[in-house]
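Residue strings, one per chain:
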Amino acid sequence: MKIFFLVLFFASFAARADLYRWVERESGSVKYSSTPPPWYGDPERERGAPAVEVLRYPAAGKPAAGPASPAGRQSVELEARRTDLLKFFYALPPTTDLASPGVREQVQLYLAISAELDRLDPPGASRRRAQQPPILAALAGRRAP
């Protein structure tokens, strides 16, 4: 039984290995392996061989979504759009009709972007709520029964 757990323990390390990816020239197929191909790391053999991309396994405790990941890029783009909307709201004169279709549309867009950002980046939700423009508080006050 101890040997079983020992084997299971060491097998878990293999599951965290980096992956190696390359495209075979003859067939055009993409190959993945947990071990590097025979030519990888040998400069002489690498010249005529396909390029190898190493897909690193993220270290424990580090978030997988960074600016280079699709979720990270999406949150960066949404944050930029949210910032543009904040500028729009703060630039509105105090006499603006809040029921106008243009303002209502921008408010709905802002709320949708904020909800998606809260889903993608929950720790930043309190910071975003603190930056909420006063016009949204005015609209929330109107909707209250």
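For the structure itself, look to the data block above.
Reading the values: rules and limits
Residues numbered from 1 in each chain as written. Predicted model: local features only at pLDDT ≥ 70, side-chain atom pairs only at ≥ 80, totals over all residues. Heavy atoms only, no water. Helix = DSSP H or I, 4+ residues; strand = E, 2+ residues; numbered from the N terminus. Buried < 20%, exposed > 50% of the residue type's maximum accessible area, 1.4 Å probe, protein only. Phe/Tyr/Trp six-rings, centres within 6.5 Å; stacked < 30°, edge-to-face > 60°. Contact = heavy atoms within 4.5 Å. Pairing = 2+ DSSP bridges. Axes fitted to C-alpha atoms, helices over the stretch in contact; angles between N-to-C directions. Salt bridge = Lys/Arg side-chain N within 4 Å of Asp/Glu carboxyl O.

Chemist: Would you mind going over the environment of Val-76 in detail, with residue names and values included?
Modeler: Summarising the element assignment, Val-76 is placed in helix H3 (residues 70–91). A relative accessible area of 48% means that Val-76 is categorised as partly exposed. Sequence separation between Val-76 and Leu-117 is 41 residues; the distance between their C-alpha atoms is 9.3 Å.

Chemist: Which residues make up the packing of aromatic side chains, and what are the values?
Modeler: Counted according to the given criterion, the structure contains four aromatic pairs. Ring geometry for Trp-22 versus Trp-39: centroids 5.6 Å apart, planes at 85°, classification edge-to-face. Here the residue Trp-22 occupies a position in strand E1 (residues 19–23), and Trp-39 occupies one in the loop between strand E2 (30–33) and helix H2 (43–46), the gap between them amounting to 17 residues. Seen in terms of ring centroids, Phe-89 and Tyr-110 are 5.7 Å apart; in terms of plane orientation they differ by 85°. Their pairing is edge-to-face. Here Phe-89 is found in helix H3, whereas its partner Tyr-110 is found in helix H4 (residues 101–120), with 21 residues between them in sequence. Like Phe-89, the residue Tyr-110 is buried in the burial classification.

Chemist: Explain the environment of Arg-25 to me, using residue names and the numbers behind them.
Modeler: You can see Arg-25 is positioned in the loop between E1 and E2. Arg-25 gets classed as exposed once you look at its relative accessible area, which sits at 55%. With 24 residues separating them in the primary sequence, Arg-25 and Ala-49 have C-alpha atoms 8.6 Å apart. Leaving out residues up to four positions away in the same chain, Arg-25 has contacts with Gly-48, Ala-49 and Pro-50.

Chemist: A description of the sheet that holds E1 should follow, citing residues and the corresponding values.
Modeler: Across the sheet, which stays open at both edges, the three strands sit in the order E2-E1-E3 with antiparallel pairing between neighbours. Bordering the open sheet on either side are E2 and strand E3 (53–55), each of which pairs with just one other strand. When strand polarity is set aside, the average angle formed by the axes of neighbouring strands in this sheet is 25°.

Chemist: Tell me about the pattern of salt bridges, residues and numbers included.
Modeler: For the structure shown, the criterion picks out seven salt bridges. A salt bridge links Arg-128 to Glu-79; the shortest N-O distance between them is 3.9 Å. Separated by 49 residues along the polypeptide, Arg-128 in helix H5 (residues 125–130) and Glu-79 in helix H3 bring together distant segments of the chain. Two residues, Arg-128 and Asp-118, come together in a salt bridge whose shortest N-O distance is 3.0 Å. Of the two residues, Arg-128 is situated in helix H5 and Asp-118 in helix H4; the sequence distance between them amounts to 10 residues. For Arg-128, a relative accessible area of 3% gives the class buried. Here Asp-118 falls in the partly exposed class, since its relative accessible area comes to 28%.

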